[in-house]
Amino acid sequence: MKVTVAGAGYVGLVTSACLAEMGHEVTCIDIQKEKIDMLQSGRSPIYEPGLESLLEKNLHNKQLNFTINPNEAYSNAELIFIAVGTPEQHDGSADLKYIHVAAHTIAHYMEQDVIVCTKSTVPVGTNELIQQIIDSRKPPNLRAEVVANPEFLREGTAIIDFFHGDRIVVGTSDPKVAAIMEQFYQPLQIPIYKTDIRSAEIIKYASNAFLAMKISFINEMAGICDNVGANIEEVAFGIGLDKRIGPHFLKAGIGYGGSCFPKDTKALAQFGGHLNQPLPLLDAVIQVNKRQHSLPIVKAKELVGSLKGKKVAILGLAFKADTDDVRESAALTLINELSVEGADICAYDPIAIPNAKRILGDSITYREDIREALTDAELAIIATEWEQIRHLPLDVYLTHMKKPIVIDGRNCYPLQAIQQYPITYRSVGRPDKTM
Ligand code: UDX
């Protein structure tokens, strides 16, 4: 099919590349010319494992092209995916300005009947709003059907998630449209759940809120483990054996970040307020996570007292491993708090430094080499579970740091390994080790 994807961000680019890989003729449109120029030359503006090669392959075989021209993108599209950003506003609600622009532009340039699928995470009622905007501006003789089709892609594994996701959700009231979407996705052999539009919109928010809740729950249990000397990894394993709980998303650490959980939990909480229906559980998930981001500062002060003038190495800037995305990263919260304390900060990350620099500027120093970042440090804080950190020979902390004091915010090291070394080591919800 001739498919257009509106938005060349994390979701739009992965969706474009994977739909092209499925054999569709895909046009991806974005308003940022420099981004489109970069993509036309085969380079990706974001890091996502496997994305660049998929883009290059499908650009080369003409399955995929990029444009800023809305007429080229929308006039003869059979299927359009809206994958534009819905950033958080000051009150926590989702900013729909890019959604509005996409809907107006589609209506203006469409020249044939079209199905419009919303992949962006949008508050309940937004797909109906998109339908109204398009209906009020499209040529009267043409039809546009709007479908809620949320994505469940994780950064770092997005291409795997696209081809091997647990389910595809299709929200529409028109059985014929549902059948078309079922046929469109059939080659993926992934269960397709057809439901109404509003339920589909809530499924997305509820999924992310529930996953965020699991993380805040295990982090709250980690606090109890810290107090009584138990081990949160043992607890997580023990509760995860219950099929009703499951083993996934029970990894304690310094909390969740990224462009989704923080934004979507706040948007859902704000939506509850809008409905005059408080969501205290969600509020607690958000509060626990906020506190968790600062946990290493509490542990650091217990260990070294004042942080003023101390050289602190932050290992990891990305919000999780295998991405260059630093949005809402725990590392940024830590760096801001350490800066207030007057610490001298040096941050390591294998790929996220350029994105971090755009936010932090030159207020700290950056190193793409862990050993350089650790050199003469009096404290190291692990904020991201990069493989390069998890597999670092532990004696490096002894040979490069002024004082081998490590606060591990992602429980990267097995306790029995770290206990072989004269390192003062703190982690999350596991017994302390002090030399
Ligand atoms: C998430 C959802 O998983 C995905 O389905 C949705 O489409 C987008 O949002 P993403 O934010 O990219 O994906 O990454 P994810 O792997 O879910 O991690 C989110 C955050 O939670 C990261 O900061 C990660 O470090 C943290 N996390 C995850 C934990 O702290 N503990 C865990 O057990 C799992």
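Counting from 1, residues in each chain are numbered in the order their sequence is written. Totals for whole chains, interfaces and linings use every residue, but because this is a predicted model, local features are given only for residues with pLDDT of at least 70 and side-chain atom pairs only at 80 or more, for both listing and counting. In computing side-chain properties, one takes all heavy atoms of the structure into account and sets aside hydrogens as well as water.

Segments assigned H or I by DSSP are reported as helices when at least four residues long, segments assigned E as strands when at least two residues long, and all are numbered from the N terminus. Scanning the protein chain for helices and strands turns up 19 helices and 14 strands. Put simply, the radius of gyration uses C-alpha atoms, and a globule should come to 2.2 Å times the residue count raised to 0.38. For 435 residues, the compact-globule estimate of 2.2 N^0.38 gives 22 Å, and the protein chain sits close to it at 23 Å. Three labels apply to residues, based on accessible area from a 1.4 Å probe with only protein chains included: buried if under 20% of the type maximum, exposed if over 50%, partly exposed otherwise in between. When burial is assessed residue by residue, the protein chain has 54% of its 435 residues classed as buried. Pairs at least 24 residues apart make up 69% of the contacts formed inside the protein chain by residues separated by at least 6 positions. Accessible surface, the protein chain as shown: approximately 19,300 Å² in total, 54% of it carbon and sulfur. By the convention used here, residues are in contact when the closest approach between their heavy atoms is within 4.5 Å. The accessible surface values rely on the Shrake-Rupley method and a 1.4 Å probe; as for residues, cover is taken only from the protein chains in view.

Bringing helix α10 (residues 232-240) into the picture now. What α10 keeps buried is the set Ile232, Ala236 and Gly240. Seen along its axis, α10 keeps its buried residues to an arc of 65 degrees; they face one direction. Exposed positions of α10 whose direction lies more than 90 degrees from the buried face are Glu234 and Phe237. Those residues of α10 hidden inside the fold are in contact with α9 (197-228). An arc is given here, and it is the one of the directions from the helix axis to the C-beta atoms.

Attention now moves to the domain arrangement of the protein chain. For the domains described, the bounds stem from an automatic or database domain assignment. Entries for the protein chain in the domain assignment read domain 1 (2-195), domain 2 (204-291) and domain 3 (294-426). Computed from C-alpha coordinates alone, the two centres of domain 1 and domain 2 are separated by 29 Å. Contact with domain 1, which involves 16 residues of that partner, is made by 11 residues of domain 2. The term salt bridge refers to a pairing of a side-chain nitrogen on Lys or Arg with a carboxyl oxygen on Asp or Glu at a separation within 4 Å. Counting the contacts that link domain 1 with domain 2 gives 2 salt bridges. Of the charged contacts in the structure, one is a salt bridge between Glu151 and Lys204, with a shortest N-O distance of 3.6 Å. What qualifies as a polar contact is a pair of N or O atoms within 3.5 Å, subject to a donor-acceptor requirement within protein and to the restriction that residues adjacent in sequence count only when both atoms come from side chains. For the pair domain 1 and domain 2, the interface holds 6 residue pairs in polar contact (both at pLDDT 80 or more). Looking at the side of domain 1 that touches domain 2, its residues break down into 7 nonpolar, 4 polar and 5 charged. Put simply, Ala, Val, Leu, Ile, Met, Phe, Trp, Tyr, Cys and Pro go in the nonpolar bin, Asp, Glu, Lys and Arg in the charged bin, and everything else, Gly too, in the polar bin.

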